Structures are given as C-alpha cells and as structure tokens.
Amino acid sequence: MRRAFLLLLAAGSLFAEELPGWVRVAAALQVPSYSPKTPAVVLFQEEILVVEADGRRVMTERGVIRKLSPGHVSLSASRAYNSKSGRIRDFRAWVLSPAGKETRYGKERIIETSAADQNEYSETRIKAVSPGEDWQQNGVFAYEIVEEEQSVFTQYSYSFQGSLPVLRTRFTLTAPAGWEARGQILNQPDTKDAYSANGGSHTWELHGLPWLEGEDYGPEWHERAPRLALNFFPGENRAGLRSLKDWPDVSSWISSLTDGQADSTPAIQQKAMQLTANASTPLEKIRAIAAFVQHTTYVSVQMNLTRGGGYTPHKASQVLTKNYGDCKDKANLMKALLAAAGIES
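The rules behind each value
- Residues numbered from 1 in each chain as written.
- Predicted model: local features only at pLDDT ≥ 70, side-chain atom pairs only at ≥ 80, totals over all residues.
- Heavy atoms only, no water.
- 1 Å grid on protein atoms, 1.4 Å probe; cavity = no way out; pocket = protein on both sides within 12 Å on 5 of 7 lines; lining within 4 Å.
- Points joined across faces, edges and corners; volume = space filled by probe spheres on them.
- Nonpolar A, V, L, I, M, F, W, Y, C, P; charged D, E, K, R; others polar.
- Core = buried A, V, L, I, M, F, W, Y, C linked by side-chain atoms within 4.5 Å.
- Buried < 20%, exposed > 50% of the residue type's maximum accessible area, 1.4 Å probe, protein only.
- Contact = heavy atoms within 4.5 Å.
- Pairing = 2+ DSSP bridges.
- Helix = DSSP H or I, 4+ residues; strand = E, 2+ residues; numbered from the N terminus.
- Axes fitted to C-alpha atoms, helices over the stretch in contact; angles between N-to-C directions.
- Polar contact = N/O pair within 3.5 Å; in protein donor to acceptor, adjacent residues only side chain to side chain.

Draft legend 1. Here's a closer look at empty space enclosed by the protein. Applying the stated criterion to the full structure yields one cavity of 30 Å³ or more. There is about 30 Å³ of room inside the largest cavity. Lining of the largest cavity is provided by V51, G55, R57, S151, F153, T154, W179, F232 and L241. Here the lining of the largest cavity is composed, by residue class, of five nonpolar, three polar and one charged.

If you want it as structure tokens, here you go:
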C-alpha cells in the first residue's frame, strides 16, 4: 500500500512539473492598475523564429494572460499554417486558477478550421483553443504553439500585441551564420533600446504596452499595435532563396513567377479583336477590355502560397476559358488582352 501511495505521489509531481517555468515566472509578475473596463492583461508574449539554411523555419509562440474581469472574456490562442508546406508540431495550453490549481488542455480542446471564406479556396488552416469557464478572474491562461514550415520567403511580420495591454513582449530570430537581418518596428515612437543581437540571434523587445480600446469607426487594433517588419537575407545561398533586399530584387523575383502566364493564344487574340472591333483609339480599346475583365467572376484560389503561388497568376487563356479568377488572374488576363490589341502594359 505504501509503495502504491508513493507511485501516486510521483505521478502527481510529474503532472505538476508540466507547467513550464516561463509560465510560472510570468504568472508571478505584479500587474499595474488598469481601467475597470480592461478585460485581461498579457503578462508575457514571445515568438522565436529559427531559420535553417535550406529555408525551413520553426516558429515557437508563447503567451501568458491574466484575466482581470469577472465576466466572460472572449479570447483564444490560435495559429494559422499552410497545410501543404507546414504543420503545427505541438500545441499546449494551461489554466492556472487564483488558488494555484493547474489544468492542462489536451488535444480534445483544440479546434481546427479552414481559413477560407465562401468566395475562396485556401490551403491555410487554423488551430485554436479557448480557456472557457476554467479561466476565473485573476486566473492565468497560458499556451505554447510550435509551427514548422518550408518557405521561399525571407520576410516575416510580428505583432507585439493584440488589443490587450502587455507587460513584456519580444521576438527573437535565430539565423544561420553569415545571414543578415534587418528589422523595423512600426507604430511605436521610441524603439532605440528595443533591439539587441548576440551572434546569430536578433531580439526585439517592448514593455508596458497599453490597452488598445475599441472606438466606433476607429481603426482596427492591428493597424494601431506595434509590429515588427523583418527581412533576413541568406549569405552563401544554396537553397534557391531570394534575398528581396531591394525593389529590383523584388521585380526580378515576381517576373520569374509571372512571365509566360500572359502569353497570347488564338482564343486571346480572337477575344481582343471582338472587344475592340468598334474602338478607334487606344483609350477606347483599354476601356472595352477593362469592362470585360471587370465582369469576369471573382473567385480567390490560393494555392502553393509558401512557394510563391500567392503571387503567380493562372494562365490568361485558362482564366478566359473558365471566366473566373482572383485579382492577379484578372490583371494578368487584361495584360494579355491588351497585348493582343497592340497595347503594352
């Protein structure tokens, strides 16, 4: 009996140790005085981005939030990922009651949905978990999400907060030796002490961000919150990654995706002749072609995004035949029809 009791104690200790140290440290922070309307405060928020030489990247997102309001607070921890080139490798969440009771959320609490709306197709999926009734006033909700992805892009964006006030928030990039990183914090006046570097790691950190209270007809919180715009450039590049250091680099890269997609075909030429049959000037031709393209049905089909698919239009002949496409497809169709009418664009 004594042996069984000791085993139970050991099992209980292991479960208690599942709450990470960074959660305990954040949960012990002193919370400043806020307006009674403030529903919660983010004690600690961070994201760690680790980039490999071949472009594979692993993102670890963490958050610790204390509930200040006695009523219901609509909040969830979520992460979007591309189902074709990435995955959510790990997703953990905990609630710590005011009395210190720990509750861990398992996979059964995690909900997965599509990011697409009724007018589009998307490979992007979202995983999320909400604290629900377990989250009491002065209790803590914490989460950790690990995502991995293979991408051709060497740019990243990080929001230092949502609408809630934040005590401490930081972003860290770890890149291979020889890589360069450039980051700029937007929507924040004083950032001279926000950046630090140590070898291949680059960190941006902010403290004491206020609550972004909503206002009728005002800008959304994501337009007001400080965010990091980050570029990281490969040194000796063996992975086919593009640095996108300047606009000529961007132009060259986008041309490699779009050149050839507006090639003319007999169907394109015939349609251009039909549309411009009664047009006598270049402007009249442009207007006739533009009116046709504007009436082409808009349907967003986002595929292969992390390999540049979000910037690659379908062939103009295919869009003409199907009579639907998204913004880049319709622009590309107009380019092809204009070319067939003798107008370069």
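From this point on, the discussion continues.
Draft legend 2. Region of the structure containing the nonpolar core. Counting 39 residues, the largest nonpolar core has I65, F141, F171 and L173 as its most contacted members. Beyond its immediate stretch of four places on either side in the chain, F141 contacts G63, V64, I65, L75, A77, A93, W94, V95, Y105, V129, P131 and W135. Ranked by size, the runner-up nonpolar core spans 15 residues in total, among them A262, V293, L333 and I343.

Draft legend 3. Highlighting the sheet that holds strand β15 (residues 227-233). In space, the three strands of this open sheet follow the order β10-β15-β12, with antiparallel pairing throughout. Two strands lie at the open edges of the sheet, namely β10 (155-159) and β12 (180-186), each paired on one side alone. Within the sheet, the average angular offset between the axes of one strand and its neighbour, ignoring direction, is 20°. Sheet analysis places β12 next to β15, joined by seven bridges and oriented antiparallel. Residue pairing for β15: Q184 is matched across the bridge by A229.

Draft legend 4. Highlighting unusual backbone geometry. A positive phi angle, near 70°, is found at N138, a position not held by glycine. The exposure class assigned to N138 is partly exposed, which follows from its relative accessible area of 41%. One non-glycine residue with positive phi stands out, namely Y217, at about 65°. Along the chain, Y217 turns up in the loop between β14 (201-209) and α3 (221-224). On the basis of relative accessible area, Y217 is assigned to the exposed category, the value being 87%.

Draft legend 5. Summary view of the layout of surface pockets. One number sums up the size of the largest pocket: a volume of about 1300 Å³. Around the largest pocket, the lining is made up of 41 residues, and of these E47, E61, R79, S157 and S159 lie nearest the centre. The biggest single contributor to the lining of the largest pocket is strand β3 (residues 77-82), with six residues.

Draft legend 6. Focus on the environment of E47. Summarising the element assignment, E47 is placed in strand β1 (residues 40-51). With 97 residues separating them along the chain, E47 and E144 place their C-alpha atoms 9.6 Å apart. Setting aside residues no more than four positions away along its own chain, E47 makes contact with M59, T60, E61, R79, Y156, Y158, R170, F171 and T172. Within the local environment of E47, its side chain forms a polar contact with the side chain of R79, the two groups lying 3.1 Å apart.

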